[in-house]
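# Chains, contacts and geometry: an overview
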Amino acid sequence: MIRVLIAEDMHMIRSALVALLSLEDDLEVVAEIERGDEVLAAALRTRPDVAVLDIDMPGLDGLSAAGQLSERLPGCRTLVLTGLSQPGNLLRALKVHVKGFIVKDAPAQTLTDGIRRIARGERVIDPELVAAALETGSSPLTPRETDVLRAASTGISTVEIAGHLSLSQATVRNYLSNAIDKVGGRNRIDAIRISRDAGWL
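Residues numbered from 1 in each chain as written. Predicted model: local features only at pLDDT ≥ 70, side-chain atom pairs only at ≥ 80, totals over all residues. Heavy atoms only, no water.

### Comments concerning the sheet that holds strand β4 (residues 77-82)
Within the open sheet, the 6 strands sit side by side as β2-β1-β3-β4-β5-β6. Their pairing is parallel. Among the strands making up the open sheet, the edge pair consists of β2 (27-33) and β6 (124-125). Inspection of the sheet shows strand β1 (residues 2-7) paired to strand β3 (residues 50-54) by 4 bridges, in the parallel sense. Paired with Ile6 across the two strands is Val52, which belongs to β3. (Pairing = 2+ DSSP bridges. Helix = DSSP H or I, 4+ residues; strand = E, 2+ residues; numbered from the N terminus.)

### Quick word on the domain arrangement of the protein
How large an interface is tends to be reported as the accessible area lost when its parts come together. Taken domain by domain, the protein holds domain 1 (2-136) and domain 2 (143-198). Each of domain 1 and domain 2 has a C-alpha centre, and these two points are 29 Å apart. (Domains from an automatic or database assignment.)

### Remarks on the nonpolar core
Core analysis: the biggest nonpolar cluster contains 25 residues, and Leu5, Val39, Leu53, Leu69 and Phe101 have the highest contact counts within it. Once residues within four sequence positions are removed from consideration, Leu5 is found in contact with Ala31, Ile33, Val39, Ala42, Ala43, Thr46, Pro48, Val50, Ala51, Val52 and Leu53. Counting residues in each nonpolar core, the second largest holds 19 residues, with Val148, Leu165, Leu167 and Leu176 among its members. (Core = buried A, V, L, I, M, F, W, Y, C linked by side-chain atoms within 4.5 Å. Buried < 20%, exposed > 50% of the residue type's maximum accessible area, 1.4 Å probe, protein only. Contact = heavy atoms within 4.5 Å.)

### Overview of the pairing of strand β5 (residues 100-103)
Neither face of β5 is left uncovered, since the one carrying Gly100 and Ile102 and the one carrying Phe101 and Val103 both have all their residues buried. Here 4 bridges tie β4 to β5, and the two strands are oriented parallel to one another. Bridge pairing links Thr82 to Val103 in β5. Crossover β5 to β6 through helix α5 (residues 108-119) is left-handed. (Right-handed = clockwise from strand over helix to strand, strands pointing away.)

### Comments concerning the pattern of salt bridges
Opposite charge on two side chains permits them to pair, given that their charged atoms come into close proximity. Across all of its chains, the model carries 14 salt bridges by this definition. Residue Arg117 is joined to Glu122 by a salt bridge in which the shortest nitrogen-to-oxygen separation is 2.9 Å. The residue Arg193 makes a salt bridge to Asp190 at a minimum N-O spacing of 2.6 Å. Here Arg193 and its partner Asp190 are both found in helix α10 (residues 188-198), 3 residues apart, which amounts to about one turn of the helix. Residue Arg193 is classed as partly exposed on the basis of its relative accessible area, which comes to 44%. (Salt bridge = Lys/Arg side-chain N within 4 Å of Asp/Glu carboxyl O.)

Written out as structure tokens, the structure reads:
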């Protein structure tokens, strides 16, 4: 029996995933949660073999949660569900040892087969995502530019970003300006949109 944790913030989708997996004789859902910052605690409590994580969740995104699982519970393999609109996330996922990366509109059989293959130690990555990631490429942003742009995406001011990241306001403005130029944005809002669509934030 393969023990599975499901993390998805949309109740209807999460319920559908649980119902789908419950039809399989060799898969057992041992935890279902709606927040990324609850993934690690639930996994430590239930010890799943495979964690199926949505990327966009409140509290903590799925890739950050996958990174926590890799560090604290390396025996739990991670499969991430995503949309094709964010191919840059594939590169981030590989860095945190995600074993599976499947698009949300794939057939149900792709998910169940993917869970089984990942549980056996294989890697499962949607070929369309690989092609899209190669086309998009890795992020042109430095880690610090990414931090600043991610902070700006929450709507806080330059002063607040500076305080939050322990930087001067001038440095924050420089990082924002560099990030806007590198991604080809017209302004910070456009740069945030471009970076999110590419999966760089």
